[in-house]
Number of protein chains: 2
Amino acid sequence: MKTIAEYSADVESALRSLTFPGGKLESLYKPIEYALSAGGKRIRPVLVLMGADAFGDKAQEALRPAVGIETFHNFTLLHDDVMDKSDVRRGRPTVHKKYDANTAILSGDTMLTLATQYVTEVENSKLREVLDTFNRMAISVYEGQQLDMDFEHADKIALSDYLEMIEGKTGSLLGAAVKIGALIGGASEEDARLMYEYGVMTGLAFQIQDDWLDTFGDSTTFGKPIGGDILNCKKTYLYVAALEEGGQTAEALRAAFNMPPSDMKVKAVTRIYEKIGVGDKCKKVVGHYSSKALKALNATSLPEEKKEAFRKLAEKLIGRKK
Amino acid sequence: MKTIAEYSADVESALRSLTFPGGKLESLYKPIEYALSAGGKRIRPVLVLMGADAFGDKAQEALRPAVGIETFHNFTLLHDDVMDKSDVRRGRPTVHKKYDANTAILSGDTMLTLATQYVTEVENSKLREVLDTFNRMAISVYEGQQLDMDFEHADKIALSDYLEMIEGKTGSLLGAAVKIGALIGGASEEDARLMYEYGVMTGLAFQIQDDWLDTFGDSTTFGKPIGGDILNCKKTYLYVAALEEGGQTAEALRAAFNMPPSDMKVKAVTRIYEKIGVGDKCKKVVGHYSSKALKALNATSLPEEKKEAFRKLAEKLIGRKK
């Protein structure tokens, strides 16, 4: 198997070699090229390639499906950015900001269909299962996004609902990516199921770790300013878990969350989190899901050195230092 | 074969029997139920059922794919209504008006994936071709919608571009619907191709006839107030063809189009159309595409009484009286 960096470079070059209709149709396809050229870790398509290589040396065959998974991911970002009215992504204007909301909607729709086309460029014998895995995942992602939007106006959120939301929005896509790769590689049904579990659990641990880093991380290694979630009133794992304490803690947290965006607000909310030790609880939950991911991975029939490659990927994703 | 009304009733009852997740996820799925319950002629899914019955008595097997085609059609309406800021559809508030724009975007995305799931509920041996036909059609529809949006700001539109636009937005969906039905029914490659042609040409004739009716029709049988396209500055076949005359006609038309929406504006534009006889030209073009549709139909291997069923459908769609 190659290194993560090598797989990532393969994805990058496959994305760069995509060609789209020009001329009259530029206004539809330019925004798609723009969205796909934003860079990033390309973790999801890397998982497709790794799954295909691990189970059958089929990374080459999995390249278009990998590009499809990345196209799907970017379609969700385009539409999420319209819905969240986000103006910046990866240091560049979002599509609806650079073009307009209508372009972001229609180019996003096009990306979803293109993603379905690319992902299903597999042998006919594998088509049904790859297509079903992809469609089920897409539905999970929309359901997760809907829950996330509803949480904005919710007074109280159960931790179980929060976990369901991030499993939909983040976990299912990582799970489907590695499962589709495994299927292309010829994995058994049981191995494909276990790799899906590995991906979902890694996704959950990753997202909760991300919530933690946004408050307790180090901005130079995290890559984003610390406290953004608090400033934007984002209901993260920390917030939901702290609110579950009820009583005075919940009251104080609601009051602090209602402050206008400022350093003072970030400090006030962080102080509450620290007081009740919700940061530690958060880290424990990250550990819990990481273990579940590794347990699923270990139960596969993969040889040890291939398991090691997936352990490294999980470590890279979750083990990011503060 | 059944009558069009019977097929339509089958579609209606299949749509009514769809069940969606409730509870926490109601805010995602209620708008979908709402959109699918708007009624209408259900022509596109009827074409799926007719194709399947004509070539292999397989209407029952084609019911879910038919529902998928109708779900796709309604997804495009949801997103188009957001983009066009339309508040009313079929006498009811549009989804983004009844709920909000974010709901319309996300529920629309969900409908596209559900449509893909339903349409591909076919035998494995037919999956590849049905999926490819569906995805190619979807891309055509987006491209058509993009051209339509770009036309709003275009000073001059070539008739060929206008035809490309409606082939994408309307023709390809009718073509794909009947082709998918034919494939499910076991049609030969050549018959499937011819039925696609029949559907596309019927769609073109239907759309151009619709443009004509909007100005020259009778509001009681047309079902919509006459002159709506003129009031909304819609660049229809009539407008594009009249503009192609150039010179004083084009100048007068642009001036009339720039008038504020009023009965006077409708009359002024209609007078220009009448003066240059663009209504007759329009009817001639409808006839041209109708003939092409029937020519393709006649070239299939279908027995005469089945051809007759498709002729009736085209007649019902295109032959609407003013």
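Preceding block: the structure.
Just so we're clear, the structure is a prediction, and the values are computed from it rather than from any experiment. (Residues numbered from 1 in each chain as written. Chains lettered and ligands numbered in written order. Predicted model: local features only at pLDDT ≥ 70, side-chain atom pairs only at ≥ 80, totals over all residues. Heavy atoms only, no water.)

Participant: Would you take a moment to explain the overall build of chain A for this structure?
Facilitator: Tallying secondary structure elements over chain A gives 16 helices and two strands in all. Taken over the C-alpha trace, chain A has a radius of gyration of 20 Å; the compact-globule value for 322 residues is 20 Å, and the two agree within 12%. Projected onto its principal axes, the C-alpha positions of chain A cover 60 × 50 × 35 Å. Buried positions account for 58% of the 322 residues belonging to chain A. (Helix = DSSP H or I, 4+ residues; strand = E, 2+ residues; numbered from the N terminus. Rg over C-alpha atoms; globule rule 2.2 N^0.38 Å. Buried < 20%, exposed > 50% of the residue type's maximum accessible area, 1.4 Å probe, protein only.)

Participant: What is the right way to read the relation of the copies chain A and chain B from this model?
Facilitator: Superposition of the two copies of the chain requires a rotation about an axis together with a shift along that axis. When chain A is brought onto chain B, the operation consists of a screw motion whose angular component is 180° and whose axial shift is 0.0 Å, with 0.0 Å RMSD remaining. Taken together, the turn and the small shift mark the pair as related by a two-fold rotation axis. The share of interface residues of chain A whose copies in chain B are also at the interface is 100%, consistent with both copies meeting through the same surface. (Least-squares fit on C-alpha atoms with pLDDT ≥ 70 in both. Contact = heavy atoms within 4.5 Å.)

Participant: Would you explain helix H4 (residues 63-84) of chain A in this entry?
Facilitator: Residues spaced three or four apart along an α-helix face the same direction, because each turn holds 3.6 residues. All names here are of chain A. End to end, H4 covers 31 Å across 22 residues, agreeing with the expected 32 Å (1.5 Å per residue, within 8%). A large share of H4 lies buried, amounting to 20 of its 22 residues. Just downstream of H4 lies Lys85, where phi reads positive at about 55°. (Expected span 1.5 Å × (residues − 1).)

Participant: Teacher, can you tell me more about the packing of aromatic side chains here?
Facilitator: Aromatic ring pairs: the centre-centre distance and the angle between the two ring planes describe each pair. Residue and element names in this part refer to chain B. This structure, assessed with the given rule, holds 18 aromatic pairs over all chains. Pairing Phe75 with Tyr142 gives two aromatic rings, centres 6.4 Å apart and planes at 80°, and the pair type is edge-to-face. With Phe75 in helix H4 (residues 63-84) and Tyr142 in helix H7 (residues 124-152), the pair connects residues that are 67 residues apart, well separated along the chain. One exposure class covers both Phe75 and Tyr142, and it is buried. Taking the centre distance of 6.0 Å and the plane angle of 70° together, the rings of Tyr162 and Tyr237 count as edge-to-face. (Phe/Tyr/Trp six-rings, centres within 6.5 Å; stacked < 30°, edge-to-face > 60°.)

Participant: Would you mind going over the packing of helix H7 (residues 124-152) of chain A against helix H6 (residues 101-119) of chain B with me for this structure?
Facilitator: At a minimum axis distance of 9 Å, the contact between H7(A) and H6(B) shows a crossing angle of 165°. Put simply, H7(A) runs roughly antiparallel to H6(B). Handedness of the H7(A)/H6(B) crossing: left-handed. Across from A:Asn135, A:Arg136, A:Ala138, A:Ile139, A:Tyr142, A:Gln145, A:Gln146 and A:Met149 in H7(A), the residues of H6(B) making contact are B:Asn102, B:Leu106, B:Asp109, B:Thr110, B:Thr113, B:Leu114, B:Thr116 and B:Gln117. Counted by class, the contact of H7(A) with H6(B) contains six nonpolar, eight polar and two charged residues. (Axes fitted to C-alpha atoms, helices over the stretch in contact; angles between N-to-C directions. Parallel < 35°, antiparallel > 145°, perpendicular 65-115°, else oblique. Left-handed = near helix turned anticlockwise from the far one by under 90°. Nonpolar A, V, L, I, M, F, W, Y, C, P; charged D, E, K, R; others polar.)

Participant: Looking at this model, I keep getting lost on the interface of chain A and chain B. Mind explaining?
Facilitator: It is common to report an interface's size as the accessible area lost on association of the parts. Listed as interface residues are 40 residues of chain A and, on the opposing side, 40 residues of chain B. Counting the surface lost from both chain A and chain B, the interface buries some 3700 Å², and carbon and sulfur atoms represent 62% of this. Together, A:Lys24, A:Leu106 and A:Arg128 form the three largest contributors to the area buried by chain A at its contact with chain B, with a combined 17%. Inspection of the region where chain A meets chain B yields four salt bridges. Across the pair A:Asp161 and B:Lys24 runs a salt bridge, and its minimum N-O distance is 3.5 Å. The tally of links from chain A across to chain B stands at 21 residue pairs in polar contact (both at pLDDT 80 or more). It is H7(A) that contributes the most residues to the side of chain A that touches chain B, 15 residues altogether. Of the residues in the side of chain A that touches chain B, the class split is 19 nonpolar, twelve polar and nine charged. (Buried area = accessible area lost by both parts, 1.4 Å probe. Salt bridge = Lys/Arg side-chain N within 4 Å of Asp/Glu carboxyl O. Polar contact = N/O pair within 3.5 Å; in protein donor to acceptor, adjacent residues only side chain to side chain.)

Participant: How do you make sense of the pattern of salt bridges when you look at a structure like this?
Facilitator: Between side chains of opposite charge, a pair can form as their charged atoms come close. Overall, the coordinates contain 30 salt bridges over all chains when judged by the stated rule. In this structure, B:Asp87 and B:Lys97 form a salt bridge, with 3.9 Å as the shortest nitrogen-oxygen distance. Of this pair, B:Asp87 sits in the loop between H4 and strand E1 (88-89) while B:Lys97 sits in helix H5 (residues 95-98), and the two are ten residues apart along the sequence. Each of A:Glu12, A:Arg42 and A:Glu70 takes part in a single network of salt bridges with overlapping partners.

Participant: What am I meant to see in the side chain of A:Ser172 here?
Facilitator: Residues and elements named next belong to chain A. Examined against the element boundaries, Ser172 turns out to sit in helix H8 (residues 159-185). Ser172 gets classed as buried once you look at its relative accessible area, which sits at 2%. Beyond its immediate chain neighbours, meaning those up to four positions away, Ser172 contacts Met137, Ser140, Val141, Glu167, Tyr196 and Val200.

Participant: Quick question: what am I supposed to make of unusual backbone geometry here?
Facilitator: Glycine aside, the phi torsion of most residues is negative, and most peptide linkages are trans. Residues and elements named next belong to chain A. In this structure, Lys85 takes a positive phi of about 55° despite not being glycine. Relative to the assigned elements, Lys85 resides in the loop between H4 and strand E1 (88-89). Relative accessible area serves as the criterion here: at 63%, Lys85 is assigned to the exposed category.

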